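# Geometric and topological summary
What follows is the residue order along each chain.
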Amino acid sequence: MMVLGLESSCDETAAAVVEMGEETRTIRSNVVASQIDVHRLYGGVVPEIASRAHIEAIGGVTRQALREAGVTVGQLDAVAVTACPGLIGALLVGVNFAKSLAWANRLPLVAVNHIHAHVAAACLCEPGLRPPFAALVVSGGHTCFYRVTSWTDFAELGGTRDDAAGEAFDKVDRVIGLPYPSGAAMDRLAAQGNPGAVALPSPALAGDTPDLSFSGLKTAALNYLNGVAQRGETVNRADLAASYTRQITDALTRKAALVLEQTGLRTLVLAGGVAANSHLRAALGEMCRAQGCRLCLPTPALCGDNGAMVAAAGYFRAERGLFAGPALNASAGETLPDAPAQAGGWPTGIA
Ligand code: KG4
Ligand code: ZN
């Protein structure tokens, strides 16, 4: 099945063509147009600007994805689009574009949950991967553990009670002078510092819960920086980055071990933008090796927002006949809007 995947939930406009089948997972193209340069000026994503930039980019990005894949619209079997969660104005651009493209070409339409799509990225790197498994999604907006019983059935086990791990990384950029979003820069800086240099609190909540809270860690880092400034000292940015990263990776690794133990699952899938973090990948790798569990790490290019993951998740829904109809809307929340396909497919004329 040749699936076009479209993504516009936050600040990347992305389109990809992926060929999926029982044993086939072939990325034919994966085009991502990032808006980071536009939003950097404001130190975060500005929703209105994001929506406008998606409108400008989505047609060209889709054409490029089809061209690079060597596929015409007529050769597609389905159009998959992220319909939730995310910035509502940004999501609406992708959803309406996908609906129009599908309607005009009488193609089946599939609505995809962005979080499930991040997890589906793992199947593109490890074609033999099959549920059940545990998944940890760590992105700019989410930090959550799931029990994945099928590619379309996710049960939330716990996660952050406040900020997401990506947000925690990004918030420190302003104070230590790293460019937004700071995740990748923090990753490199942390490798040069001493992770035991600065005492910071763990985001892991006490007890047998997979839950975490990143707000205390963020405040402690800011207080530390203010204290250093008040004493007229210079901060060792690498030491702070290393200590901050250590707390985040340690907490996520500890909670991941707990989830594997509590669920009895033997495979862990790491997903989302923060899954590109080299320290987190190494710490989870060590823990899974020690526990005799399998760890699936998507390549860094498939960790951030992209269209290939949406196409893969779309295929799994299409396989189950979970198509969307012309009433499909976008939703900022976690649940896919209910808009089943009409019997007989698309309406045949415009009223
Ligand atoms: O999944 P994603 O592309 O977008 C959302 O769905 O949120 O994740 C973006 C997040 C940003 O917060 C960015 O700082 C973070 O992923 N990120 C990283 C790294 N690369 C990207 N965080 C830590 N280490 C990295 N290497
Ligand atoms: Zn994402």
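Quick caveat, the model's predicted, so the values are computed rather than measured. (Residues numbered from 1 in each chain as written. Chains lettered and ligands numbered in written order. Predicted model: local features only at pLDDT ≥ 70, side-chain atom pairs only at ≥ 80, totals over all residues. Heavy atoms only, no water.)

## Regarding the coordination of the zinc ion (ligand 2)
The protein atoms that coordinate the zinc ion (ligand 2) are His114 (NE2), His118 (NE2) and Asp305 (OD), at distances of 2.0 to 2.1 Å. In the primary structure, the donors to the zinc ion (ligand 2) are separated according to the pattern H-x3-H-x186-D. Of the two residues, His114 is situated in helix H4 (residues 114-125) and Asp305 in the loop between helix H10 (300-303) and helix H11 (307-319); the sequence distance between them amounts to 191 residues. (Donors = N, O, S within 2.8 Å, 3.2 Å for Na, K, Ca; no water. Helix = DSSP H or I, 4+ residues; strand = E, 2+ residues; numbered from the N terminus.)

## Concerning H4
With ten of twelve residues buried, H4 lies mostly within the body of the structure. Here H4 has its buried residues at His114, Ile115, Ala117, His118, Val119, Ala120, Ala121, Ala122, Cys123 and Leu124. Near the N-terminus of H4, the side chain that reaches the backbone nitrogen of Ile115, with its oxygen 2.8 Å away, is that of Asn113. (Buried < 20%, exposed > 50% of the residue type's maximum accessible area, 1.4 Å probe, protein only. Polar contact = N/O pair within 3.5 Å; in protein donor to acceptor, adjacent residues only side chain to side chain.)

## A short note on the site of ligand 1
In the vicinity of ligand 1 lie 19 residues, with Gly140, Asp170, Asp187, Gly273 and Asn277 positioned nearest. At 2.6 Å, a side-chain N or O of Asp170 approaches an oxygen atom of ligand 1. If you map ligand 1 onto the pockets, it falls in the largest pocket. When contributions to the shell around ligand 1 are tallied by element, the ones reaching two or more residues are H4, helix H5 (165-176) and helix H6 (183-190). (Near = heavy atom within 4 Å. 1 Å grid on protein atoms, 1.4 Å probe; cavity = no way out; pocket = protein on both sides within 12 Å on 5 of 7 lines; lining within 4 Å. Sits in = over half its atoms within 2 Å of the grid points.)

## Quick word on the layout of surface pockets
Here the largest pocket defines a volume of roughly 1200 Å³. The wall of the largest pocket is formed by 41 residues, among which Asp11, Ser139, Gly140, Gly141 and Asp170 lie closest to the centre. When contributions to the lining of the largest pocket are tallied by element, the ones reaching two or more residues are H4, H5, H6 and H10. Considering each element in turn, the lining of the largest pocket owes the most residues, seven residues, to H5. By volume, the second largest pocket amounts to about 290 Å³. The wall of the second largest pocket is formed by 20 residues, among which Ala111, Arg317, Thr335, Leu336 and Pro337 lie closest to the centre. (Points joined across faces, edges and corners; volume = space filled by probe spheres on them.)

## A few points about the side chain of Thr249
Within the element layout of this structure, Thr249 appears in helix H8 (residues 237-263). Each residue touching Thr249, except ones within four places of it in the same chain, is listed here: Asn277, His279 and Leu280. (Contact = heavy atoms within 4.5 Å.)

## So, the domain arrangement of the chain
For the chain, the assigned domains read domain 1 (2-121 + 304-319) and domain 2 (131-297). Of note, the centres of domain 1 and domain 2, computed from C-alpha atoms alone, are 27 Å apart. Every contact between the two is made by 14 residues of domain 1 and, on the other side, 16 residues of domain 2. Note on domain 1 versus domain 2: buried area summed over both sides is about 1400 Å², and carbon and sulfur give 75% of it. Summed over the three residues of domain 1 that lose the most area to domain 2, namely Ile115, Val119 and Phe316, the buried surface amounts to 39% of that side. Viewed at the interface, domain 2 and domain 1 are joined by zero salt bridges. Counting across the domain 1 and domain 2 interface gives one residue pair in polar contact (both at pLDDT 80 or more). When residues of the side of domain 1 that touches domain 2 are traced back to their parent elements, those giving at least two are helix H1 (36-40), H4 and H11. The element that contributes the greatest number of residues to the side of domain 1 that touches domain 2 is H4, accounting for five residues. For the side of domain 1 that touches domain 2, the residue count by class is seven nonpolar, five polar and two charged. (Domains from an automatic or database assignment. Buried area = accessible area lost by both parts, 1.4 Å probe. Salt bridge = Lys/Arg side-chain N within 4 Å of Asp/Glu carboxyl O. Nonpolar A, V, L, I, M, F, W, Y, C, P; charged D, E, K, R; others polar.)

## A short note on empty space enclosed by the protein
Scanning the model with the defined rule gives one cavity of 30 Å³ or more in all. Looking at the largest cavity, its volume works out to about 50 Å³. In terms of lining, the largest cavity is formed by Val112, Asn113, His116, Trp151, Thr152, Ala313, Arg317 and Leu336. Of all the secondary structure elements, the ones that give two or more residues to the lining of the largest cavity are strand S5 (109-113) and H11. Split into classes, the residues belonging to the lining of the largest cavity amount to four nonpolar, three polar and one charged.

## What about the environment of Leu178?
Tracing the chain through its elements places Leu178 in the loop between H5 and H6. With relative accessibility at 13%, the residue Leu178 sits in the buried group. When the C-alpha atoms of Leu178 and Leu189 are compared, they prove to be 9.7 Å apart, with eleven residues separating the residues in sequence. When neighbours within four sequence positions are excluded, Leu178 is seen to be in contact with Asp173, Ala185, Met186, Leu189 and Arg237.

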